[in-house]
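# Fold and geometry: a report
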Amino acid sequence: MAADFTMPSLGADMDAGTLVEWLVHEGDVVHRGDPMAVVDTDKSAIEVESFDDGVVQTLLVEPGARVAVGTPMARLGPAEAPAPVAPAPVAPAEVPAAPAAEAEAPAPVAAAAGPAPAVQPATEPVTTPRRRAARPPARPRAHPASPPVRHHAAELGVDLTSVDGTGAGGRVTRADVDRAAAARHRPPAAARRVSPYARRLAEELGVDVDQVVGTGPGGAVRADDVQAAAVPAARREAPEVAPAEPAPAAPTPPAPARAAGSRDAIAALMGRAKREIPHYYVATTVDLGPLTDWLRRTNRERPVAERLVPAAALLRATALAARAVPELNGFWVDGRFVPGEDVHLGVAVSVRGGPLVAPAIHGAADLDLPTTMQRLRDLVARARAGRLRRAEMAEPTLTVTDLGDQGVEEVIGVIYPPQVALVGVGRVVERPWAVDGMLGVRPVVRLTLSGDHRATDGSTGARFLATIDRLLQHPEEL
Amino acid sequence: MTTLSTGATPVPAATGTVETTYREALREALREALREDDRVFLMGEDVGMYGGCFAVSLGLLEEFGPERVRDTPLSESGFVGAGIGAALAGLRPVVEIMTVNFSLLALDQILNNAATLSHMSGGQLHVPLVIRMTTGAGRQLAAQHSHSLEGWYAHIPGIKVIAPATVEDARGMLWTALEDPDPVLLFEHGTLYTMTGTLPRDAGHVDITRAAVRREGRDVTLVSYGGTLHKALAAADVLAGSGVAAEVLDLRSLRPLDDATIAASVRKTHRAVVVDEGWRSGGLSAEVSARITEQCFYDLDGPVERVCSAEVPIPYAQHLEQAALPQVDQVVAAARRVVG
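Residues numbered from 1 in each chain as written. Chains lettered and ligands numbered in written order. Predicted model: local features only at pLDDT ≥ 70, side-chain atom pairs only at ≥ 80, totals over all residues.

As a reminder of what qualifies: UniProt positions are given in the numbering used here, feature names are shortened, and annotations may be inferred rather than shown by experiment.
Going by what an unreviewed UniProt entry lists, chain B is known as Alpha-ketoacid dehydrogenase subunit beta and is assigned to Nocardioides jiangsuensis. Taken from UniProt, the Cofactor (unreviewed entry) comment for chain B reads in full: "thiamine diphosphate".

For chain A, the name recorded in an unreviewed UniProt entry is Dihydrolipoamide acetyltransferase component of pyruvate dehydrogenase complex, with Nocardioides jiangsuensis as its organism. The record held by UniProt for chain A lists under Cofactor (unreviewed entry) the comment "(R)-lipoate". Recorded in UniProt under Sequence similarities (unreviewed entry), the annotation for chain A is "Belongs to the 2-oxoacid dehydrogenase family."

Listed below in structure tokens is the structure:
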């Protein structure tokens, strides 16, 4: 009984979508609810889940292809079919961290997130029940234990197979179970249970729910546990969060405070930018035909986890251009330009709840494209999860704002002081385009540069954008 | 029979309140309806000469005469149908069915006629009928007289289903139900008739749409109605002894359910236990639990618990009957499980 995995309708107004990447390979065993692919709806990149159990027989659509709703994208065969030896683990499922908020505002990423595939870090435990059900644990050797002890173990959420029996014949006694329960800090990540309210509370309080010790049945994390964890966390973070310098945002304090605090910080910073910095703007439209062709080819050979998206290539080209045009990479301090020692590329990411952060990819000019992709993926995931590292908040030398996934064609941005330039990236759109005297339809993107006229002139900005353009025409060299 | 003191004329109390029972409050409500509106009449098995199977209408035949308090043959379908006809013709019948088990004989009239006529006539025909019946177990009346099927009726669009659990509601719900242009089913739990309570002398009509918070608490919401309200309140007393503040909701109206009040309580306490004397599978408790999950999922700090009757026909033997019914210690245990 074969089934087709089709392009879903992810909104009333959606008639087609672009396959960004496959999260499964041919031969993978998938279960209903497993993420299959990332689809770009023109509004956001969304992980699409399988409606069926089965084995992926054929992937019918290549990443990058735009297909109509209802088009078969993959064929699933019956689950009983001979499965591959070791089904590759599919990309991590999106954990419903704060489903309410997500349902209202899906994927509020304002950044190079672009098509943000598999945004959860790979370490994120998968806690949805259906995923647990999907992978029955291998039947372990059971230690002998009497029914009452078994029952007691079940009540305490203790796995009998992990308990050493001290009773007659290695029998597990009630005392053994109690000891195991006491010794256990928390159940294995894969078995974590978190109540919906606790999960929401953790999100609001900025608590990492994976670090919380659960006291509910079976080690379930409940609201009290999160609140208990939040108090020391807030105390710990407090001194760190009070930088005198207007950092773009403090990533650690509880969300309500974070949102308000960060809005104040942004207000101060942007007010200062527009008061002090005489902005100039230059813009160009870049043909991404070669890039998308090349990405399609190269992604075919890449494992799912290492596939590349255009946003990463744009960052990579920007980093190289910043090295080539160092006058735009640095700071305006005390009335003069101080060049950055290296290229630390800030990536503006808007986080759920509003606060905008621009963590840096350090030494971006020295990272190859796959590494840039990896850093971007990681950074966006952690920014959204509120787990940025402090070092990443240290000042970038140049910032990129990509609002392409929000449907914006052009971003004319405000420079983050004391930086002297900001690169704006719009959405990749198909447009009639003249190439070699012929008219064709090409994917193009609008790039802008906001420059500090005190530090550089428009011609510098023009040279910078031209460099990016040139680099993007030879994507294989990125 | 008429010499019995039936509370027909409550002795005025100096304080302005009167000691009464659930049974007397129901009777006083009937008396008021019969007195104030000459379109109102009561009919059912043994409601006249015998004074009602549970003595609710004791003395009303003597007071209002056989035109207004009518004994019927043992034919639920017949006299409920007659009630529907009388309501269509402009009267305000109150039909008593002895127990909810027997109401199944009239289910065709209730579901296919009373509940549908307003809709099928495009609102031209209204059936302002009130059907009272006894529900619930606990009195060793065995499986054919003890079930709690009000949840079945709560499934039916076109009717309202109410369940007075207090003396005040027993006194005040009937009039409001009679004023409703559509059929209202009023369920009286058999164990409540002897319950005593204090009413203001001028106790009057009450709404029949909203749930009531009978006890405030912050740790867990116990959702109950009718006979289970008092078990939930008793459980809340026990829980208070161990520092758990349970909020007790009395649904009062089983159809429509007061989603707003339920959700407001669960959003406050983050935990819920539904106590229902009906069976668990496909019952009213399932509906309440589902709605809590639909509306409050992200406020829940644990699964919704249910305490219901065992899935057996209610037994006759007292110890078995009690074992089959939701009990206070079960409610306490469920609340402790969710509070942790």
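### Here's the deal with the overall build of chain B
Stated formally: By definition, any uninterrupted DSSP run of H or I lasting at least four residues is a helix, any uninterrupted run of E lasting at least two residues is a strand, and each is numbered from the N terminus. Residue burial here comes from a neighbour count, namely the number of other C-beta atoms, placed from the backbone, that lie within 10 Å of the residue's own C-beta, with 20 or more meaning buried, 12 or fewer meaning exposed, and in between meaning partly exposed. With C-beta atoms placed from the backbone, a contact is any residue pair whose C-beta atoms sit within 7 Å.
Within chain B one finds 13 helices and 14 strands. The burial tally for chain B puts 52% of its 340 residues in the buried class. Sequence-distant contacts in chain B: of pairs separated by 6 or more residues, those separated by 24 or more amount to 78%.

### A word on the overall build of chain A
Along chain A, the regular secondary structure elements total twelve helices and 19 strands. Counting every position in chain A, which comprises 478 residues, the buried fraction comes to 43%. The contacts of chain A with a sequence gap of at least 6 include a subset with a gap of at least 24, amounting to 66%.

### A few points about the UniProt feature "domain: Peripheral subunit-binding (PSBD)" (unreviewed entry) in chain A
All names here are of chain A. Mapped onto this numbering, the UniProt entry annotates "domain: Peripheral subunit-binding (PSBD)" (unreviewed entry) at residues 144-181 and 193-230. In this annotation, residues 144-181 is assigned 47% helix and 0% strand; the end-to-end C-alpha distance for the span is 18 Å. Structurally, residues 193-230 is divided into 47% helix and 0% strand, and its ends, taken at the C-alpha atoms, are 18 Å apart.

### Concerning the pairing of strand E2 (residues 40-44) of chain B
Residue and element names in this part refer to chain B. What counts is decided by this rule: Following DSSP output, two strands are said to pair if at least two bridges run between them.
With five of five residues buried, E2 is to be regarded as a mostly interior element. On E2, burial covers both faces: Val40, Leu42 and Gly44 on one face and Phe41 and Met43 on the other are all buried. Two strands pair when backbone bridges link them, and E2 and strand E4 (residues 92-99) are joined in this way by five bridges, in the parallel orientation. Counterpart to Leu42 in the pairing with E4 is Val94.

### As for the sheet that holds strand E9 (residues 212-215) of chain B
Residues and elements named next belong to chain B. Quick note on the threshold: Each axis is a line fitted through C-alpha atoms, taken for helices only over the stretch in contact, and angles between the N-to-C directions span 0 to 180 degrees.
An order of E9-E11-E10-E13-E14 is seen for the five strands of this open sheet, with the pairing classed as mixed. Single-partner strands in this sheet number two, and they are E9 and strand E14 (305-309). Across the sheet, the mean angle separating the axes of adjacent strands is 25° when strand polarity is ignored. Judged from the three bridges that link them, strand E10 (residues 220-224) and strand E13 (residues 272-279) form a sheet pairing that is parallel. Residue pairing across strands places Thr221 opposite Ala272, the latter belonging to E13. With respect to the sheet, helix H9 (residues 227-241) is in contact with E9, E10, strand E11 (246-250) and E13, its orientation differing from that of E11 by roughly 170°. Against the sheet, helix H13 (residues 328-339) makes contact with E10, E11, E13 and E14, and its axis sits at roughly 165° relative to E14, the strand it touches most.

### Comments concerning the sheet that holds strand E12 (residues 253-255) of chain B
All names here are of chain B. Pairing is mixed in the open sheet, where seven strands are placed in the order E3-E2-E4-E5-E7-E6-E12. Because the sheet does not close on itself, it has two edges, and the strands there are strand E3 (69-71) and E12. Across the sheet, the mean angle separating the axes of adjacent strands is 20° when strand polarity is ignored. Note: E2 against E3, three bridges, orientation parallel. Paired with Gly44 across the two strands is Asp71, which belongs to E3.

### Re the interface of chain B and chain A
The cut-off we apply is this: Basically, the charged four are Asp, Glu, Lys and Arg, the nonpolar ten are Ala, Val, Leu, Ile, Met, Phe, Trp, Tyr, Cys and Pro, and anything else, Gly included, counts as polar.
With eight residues of chain B at the contact, the number on the chain A side is eleven residues. Grouping the amino acids of the side of chain B that touches chain A by side-chain chemistry returns three nonpolar, three polar and two charged.

### Topic: the confidence of the model for chain B
All names here are of chain B. Operational definition: For every residue, the predictor assigns a confidence score, pLDDT, that lies between 0 and 100.
Looking at chain B as a whole, its pLDDT mean stands at 94, while 96% of the residues score no less than 70. For residues 1-13, every residue scores under 50 in pLDDT, and the model assigns this stretch 18 contacts once sequence neighbours within four places are set aside. Prediction confidence for the complex, expressed as pTM and ipTM, is 0.50 and 0.71 respectively.

### Quick notes on the packing of H9(B) against H13(B)
All names here are of chain B. So the rule is basically this: Under this scheme an angle from 65 to 115 degrees is roughly perpendicular, one under 35 degrees roughly parallel, and one over 145 degrees roughly antiparallel; angles in between are oblique. A clockwise turn of the near helix away from the far one marks a right-handed crossing, whereas an anticlockwise turn of less than a right angle marks a left-handed crossing.
Put simply, H9 and H13 touch, their axes get as near as 8 Å, and they point 55° apart. Classified by the interaxial angle, the pair formed by H9 and H13 is oblique. The chirality of how H9 crosses H13 is right-handed. On H13, the residues that touch Lys231, Ala232, Ala234, Ala235, Val238 and Leu239 of H9 are Val328, Val331, Val332 and Ala335. Classifying every residue of the contact of H9 with H13 by side-chain character gives nine nonpolar, no polar and one charged.

### Points about the pairing of strand E1 (residues 17-21) of chain B
The side chains of a regular strand alternate between both faces of the sheet. Residue and element names in this part refer to chain B. Side chains Val18 and Thr20 project from E1 onto a buried face, and the interleaved Thr17, Glu19 and Thr21 project onto a face without burial. Note: E1 against strand E8 (residues 196-200), five bridges, orientation antiparallel. Bridge pairing in E8 links Thr20 to Gly197.

### As for the confidence of the model for chain A
All names here are of chain A. Put simply, chain A has an average pLDDT of 76, and 72% of its residues get 70 or more. In this model, residues 186-190 is a region of pLDDT below 50 whose contacts with residues beyond four sequence positions or in other chains number eleven contacts. Note on residues 235-258: pLDDT is under 50 here. Beyond four places in sequence and across chains, it has 47 contacts.

### A short note on H9(B)
Residue and element names in this part refer to chain B. Within the span of H9, buried status applies to Gly227, Thr228, Leu229, His230, Lys231, Ala232, Ala235, Ala236 and Leu239. Contacts from the buried residues of H9 go to strand E7 (184-189), E9, E10, E11, E13 and H13. The positive-phi residue at the C-terminal boundary of H9 is Gly243, with phi of around 85°.

### Regarding the nonpolar core
Using the following cut-off: Residues enter a nonpolar core if they are buried, belong to Ala, Val, Leu, Ile, Met, Phe, Trp, Tyr or Cys, and are joined to the set through C-beta atoms within 7 Å.
In terms of nonpolar packing, the biggest core is built from 112 residues, with Val226(A), Leu174(B), Leu222(B), Val273(B), Val331(B) and Ala335(B) touching the most fellow members. For Val273(B), the residues in contact, after removing those within four places along its chain, are Val220(B), Leu222(B), Glu305(B), Val307(B), Val331(B), Ala334(B), Ala335(B) and Val338(B). Membership of the second largest hydrophobic core comes to 81 residues, among which are Val56(A), Leu76(A), Ala313(A) and Ala322(A).

### Looking at unusual backbone geometry
Residue Pro418(A) is reached from Pro417(A) by a cis peptide bond, and omega for that bond is 5°. Relative to the helices and strands, Pro418(A) is located in the loop between strand E16 (398-402) and strand E17 (421-425). Note that the residue after Arg255(B), namely Pro256(B), is joined by a cis bond; omega there is 0°. Take Pro256(B): it is sitting in the loop between E12 and helix H10 (259-269).

### Thoughts on the environment of Ala323(B)
Residues and elements named next belong to chain B. One can find Ala323 in helix H12 (residues 318-324). Here Ala323 falls in the exposed class, since 12 other C-beta atoms lie within 10 Å of it. Along the backbone, Ala323 and Ser309 are 14 residues apart, and their C-alpha atoms lie at a distance of 8.7 Å.

### Section: the environment of Tyr416(A)
Residues and elements named next belong to chain A. Tracing the backbone shows Tyr416 in the loop between E16 and E17. The buried category is assigned to Tyr416, around which 25 C-beta atoms lie within 10 Å. Along the sequence, Tyr416 and Pro396 sit 20 residues apart, while their C-alpha atoms lie 9.3 Å from each other.

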